[in-house]
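Inside the fold
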Amino acid sequence: MAMTMNGDFVLPADKATVWAKLNDPDVLRVCIPGCQSLEKTSDTSFQATAKVKVGPVGATFKGKVNLTDIDAPNGYRISGEGEGGVAGFAKGGAVVKLEEVEGGTKLTYDVEAQIGGKLAQLGGRLVNGVAKKMADEFFANFAKAVSPAQA
Amino acid sequence: MTATEIGAPVRRKEDFRFITGKGQYTDDINRPGQSYAYFVRSPHAHATIKSIDATAARAVPGVLAVLTGDDLAADKVGGLICGWMIHNKDGSPMKAGAHPALAQGKVRYVGDHVAVVVAEDYATARDAAEKVVVDYGVLPAVVDMNEAVTGKTVIHDVAPDNRVYDWSLGDKAATDAAFAKAKHVTKLHIVNNRLVPNAMEPRAAVGDYDSGTEQFTLYTTSQNPHVARLVLSAFIGIAPEHKLRVIAPDVGGGFGSKIFIYAEETVCVWAAKKVGRPVKWTADRTEAFLSDAHGRDHVTDAELAMDEKGRILALRVKTKANLGAYLSTFSSSVPTYLYAPLLSGQYDIPAIYCEVDGIYTTTAPVDAYRGAGRPEATFVVERIVEVAARELGQDPTAFRRRNFVRKFPHQTPVIMMYDAGDYSASLDKALEMADYRNFGKRKRESARKGKLRGIGFSAYIEACGIAPSAAVGSLGAGVGLWESAEIRVNPVGTVEVLTGSHSHGQGHETTFAQLVSARLGVPIDQVSVVHGDTDKVQFGMGTYGSRSGAVGMSAISKALDKVVAKGKKVAAYVLEASADDIEFKDGRFQVAGTDKSLAFGEVALQAYIAHKFSGQELEPGLKEGAFYDPTNFTFPAGVHICELEIDPETGVTTIERWTAVDDFGHVINPMIVEGQVHGGIAQGVGQALLEGARYDANGQLVTASYMDYAMPRADDLPSFQVGTTVTPCPSNPLGIKGCGEAGAIAAPPAVINAITDALGHEDIAMPATPQAVWKACQKAARKMAAE
């Protein structure tokens, strides 16, 4: 099942800080909802484990995350593939762009993902709702992480 | 108490049990020491299985076993079979890929069975399944039939272009010649939407093995337990038939989906010996969506040739049938011999030619669903006939009437020999009941309210009473489709009927008992019907294809004849008369022309006491069996009229009136028949307006729950006006034709013909959801604006 999602967020930090945090596994680990581990396997790849619950389906996803199309400090494409066992799988990516704006940096994201198995069977309404909530949660966490008080 | 007559609207004997929660369904059965199975299913539509690591799952406390396709292969358990061989145009056999009960090397649809976890309880099995690590090599999904036949992605190596068969029926040359001289040709592109069966009770199985007697028992949600035993024994190789008992207890609806022999029940009965414990599996609703064999899914191009007066000269049909990822038990026959032979409809069509391609895709297997092939045929015929009438500017009822078959028997150009019918009689009665005369007035009233009113007809025919064994054998069926019955009269005169038919909602416990009561004069509450257990009942073929009345009850009727004949002999000894002089009437054996008589119960008792005759002269006891093999299909037919109103602002369609006039031949219990008609119409309306199974391009089923798959509800339906006409079926002793599928066959074209009548154009596909209808309304509006 195809899933698309996009949006933007203004973060209270300069572009260089936001870029650094976007590449910091420790920051990402804290910000990704349900993330249990995120290990750097190379400069542009990570190994991740995250616990996700969508309606009645709960699963631990294990997978690889790769960064491509890196255009420091303006953006990248983050893509991944995760297997959630009986719950199904998810693969896809997001194009992330940073832009200086008044009061900080505007982060724009554009997600395109494919989900399969039990997650897809739950239906688009439920899955899209949860995905949007998780994205909101991520950016709320990320905003905290990059705000000057934290930095 | 007296006998219950044929034709009496007797209330269903089984309903007290069902509505008070006393039904015994497969999931209600619990065996001592029972364990629970949970299936690991593929999340991918198409993938190789590189490895399965079950180490962590096996280590979970309470897990008894994790079994895979390798274990099945090691035990030499055979694959699931397709029991109907179809031949290609060139005479070569169809290409059927292997269908292991647990995947071996490859998965081919989302929900395909990869492994089974057996544990002390269901929750443990389910949790441990999360720990089974499957390494998949993902392959491209193939969902679209046109893409499948390019062969870019091969699902089964045996079928390199994913074509199971290319089959044809009819006379191509004669059809082409008729088209060449036609004055008018109507063309129509038709999609028959894929459906999920949605029986109220999900599938379930309990496998049991007794190591002392080496006896297997399988409790399963089956419409045909003997066929299940035959397949599990002779083909899959679980155990010889005498060591395998199959019990199909109360079954909560099937609609065809429980005819087939599935992976889960095969695995449960096999695993029971493997783990040394009974193994139970009950599908959750999502599993039912994923793995019950789906229905329909045809894409068809049809052409109808007519002369200058609108007489039909020929029909040419080209159909692609989606068979899914594997061939289910009878899937090959549904779009071929259960479909094309019905393309003559109620019409005298001199030439018909039909080509069907059966195509593999990476989707759930597709097989028989209420009507099985005949709804698809009826949809083609009744849509194209309606469109042809519109193109010729003729009243659609007059057009139909002009082309009706009038003389019987009538040999169609596509196998079937219609034996009896009066199609004009049903049409006349339906038009009267529907008040067709005043439809124009009602349409104008709707228009004043800003609504679009339409009327649609469906003059359907179906072939039921499946089926004459020799006929289906010559067409490729693996077995004949006769039925069996045994009548056991107890010494006190009560009667047990053992039938090879299986009731899963049809009310056999009532209608079968009603027949026995009427014939023997025994009160209906002294007759019980036994079915669904291979240890109790002689071999039988089960229930599908509206066959239990026409074939199952005919077998009972034949056995009753034998009971009466034997009873006469017993009475003759007791009454000291010649058996030839004994008459049986109103439940009494009487010496003709005298007042000497015995009640049925007295004769039964004498048959068992056996003092009045020696066993050398006459065998004691009163028990007779019969196998009945029909000589022809039966041909229920009728006219359904749907009148509806569309709100062009919202696209919401409201069915205002529904008239059904059916000719089912003789009717045993009109109340049960009417119930069958109601249910069938509801399912047909569901297909036309609401239901549609959708896979996305990656082969993910995106309509896998009731959030995304709409079933018809009471408020989607009007009160039905149901009537009947009667031409008795000449080919069986009861004159019965069968009624179980009629509504589902008749309804979809009636709805779509009504919607297209309201819209003023033909461009709408099923399901005609409010969104689709709203879009179609915009098109009509644009067309008018352009004019």
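Up top you'll find the structure we're talking about.
The structure displayed is predicted, hence computed values, not measured ones. (Residues numbered from 1 in each chain as written. Chains lettered and ligands numbered in written order. Predicted model: local features only at pLDDT ≥ 70, side-chain atom pairs only at ≥ 80, totals over all residues. Heavy atoms only, no water.)

As for the overall build of chain A
Within chain A one finds 4 helices and 7 strands. Of the regular secondary structure in chain A, the N- to C-terminal order runs β-α-α-β-β-β-β-β-β-α-α. Here the C-alpha radius of gyration of chain A, 15 Å, is about what a compact globule of 151 residues would show, namely 15 Å. Expressed as lengths along the three principal axes of its C-alpha atoms, the size of chain A is roughly 45 × 30 × 25 Å. Buried positions account for 47% of the 151 residues belonging to chain A. Per element, the accessible surface of chain A, about 7300 Å² overall, is 53% carbon and sulfur. In chain A, which carries 17 positive and 17 negative side-chain charges, the distance between the mean positions of the two groups comes to 9 Å. (Helix = DSSP H or I, 4+ residues; strand = E, 2+ residues; numbered from the N terminus. Rg over C-alpha atoms; globule rule 2.2 N^0.38 Å. Buried < 20%, exposed > 50% of the residue type's maximum accessible area, 1.4 Å probe, protein only. Areas by Shrake-Rupley, 256 points an atom, 1.4 Å probe, with all protein chains shown as cover. Lys, Arg positive; Asp, Glu negative; His and termini not counted. Charge placed at Lys NZ, Arg CZ, Asp CG, Glu CD.)

A short note on the environment of Ile655(B)
Residue and element names in this part refer to chain B. With respect to the helices and strands, the residue Ile 655 is situated in strand 27 (residues 652-663). A residue is classified by how much of its surface remains accessible, and Ile 655, at 7% relative accessible area, is buried. For the pair formed by Ile 655 and Leu 690, sequence separation is 35 residues and the distance between their alpha carbons is 13 Å. In this view, Ile 655 contacts Cys 642, Glu 643, Leu 644, Val 685, Leu 689, Asp 716 and Pro 718; residues no more than four positions away in its chain are not counted. (Contact = heavy atoms within 4.5 Å.)

Thoughts on the pattern of salt bridges
If the charged atoms of two oppositely charged side chains come close together, the side chains can form a pair. Residue and element names in this part refer to chain B. Applying the stated criterion across every chain, the model contains 51 salt bridges over all chains. The closest approach of N and O atoms between Asp 250 and Arg 17, which form a salt bridge, is 2.7 Å. Of this pair, Asp 250 sits in the loop between strand 11 (244-247) and helix 8 (263-275) while Arg 17 is found in helix 1 (residues 15-19), placing the two residues 233 residues apart along the sequence. On the accessibility criterion, Arg 17 (23% relative accessible area) is partly exposed. A salt bridge links Asp 307 to Arg 311; its shortest N-O distance comes to 3.3 Å. We classify Asp 307 as buried; its relative accessible area is 9%. Take Arg 311: its relative accessible area is 40%, and that puts it in the partly exposed class. (Salt bridge = Lys/Arg side-chain N within 4 Å of Asp/Glu carboxyl O.)

Comments concerning the pairing of strand 11 of chain B
Strand residues, when the strand is regular, have side chains that alternate between the two faces of the sheet. All names here are of chain B. Bridge count between strand 10 (residues 215-220) and strand 11: 4 bridges; the pairing is parallel. Within strand 11, the residue paired with Thr 217 across the bridge is Arg 245. The handedness of the strand 10 to strand 11 crossover, carried by helix 7 (residues 225-235), is right-handed. (Pairing = 2+ DSSP bridges. Right-handed = clockwise from strand over helix to strand, strands pointing away.)

Some remarks on the interface of chain A and chain B
On the side of chain B, 19 residues touch chain A, which itself brings 20 residues to the contact. Buried surface at the junction of chain A and chain B, both sides included, amounts to about 1500 Å², of which 49% is carbon and sulfur. Sorting the residues of chain A by area buried against chain B places Val86(A), Gln121(A) and Arg125(A) first, and these three jointly supply 40% of that buried surface. Linking chain A with chain B are 0 salt bridges, by the criterion used here. Where the side of chain A that touches chain B is concerned, the elements lending two or more residues are strand 7 (104-116), helix 3 (118-121) and helix 4 (124-146) of chain A. (Buried area = accessible area lost by both parts, 1.4 Å probe.)

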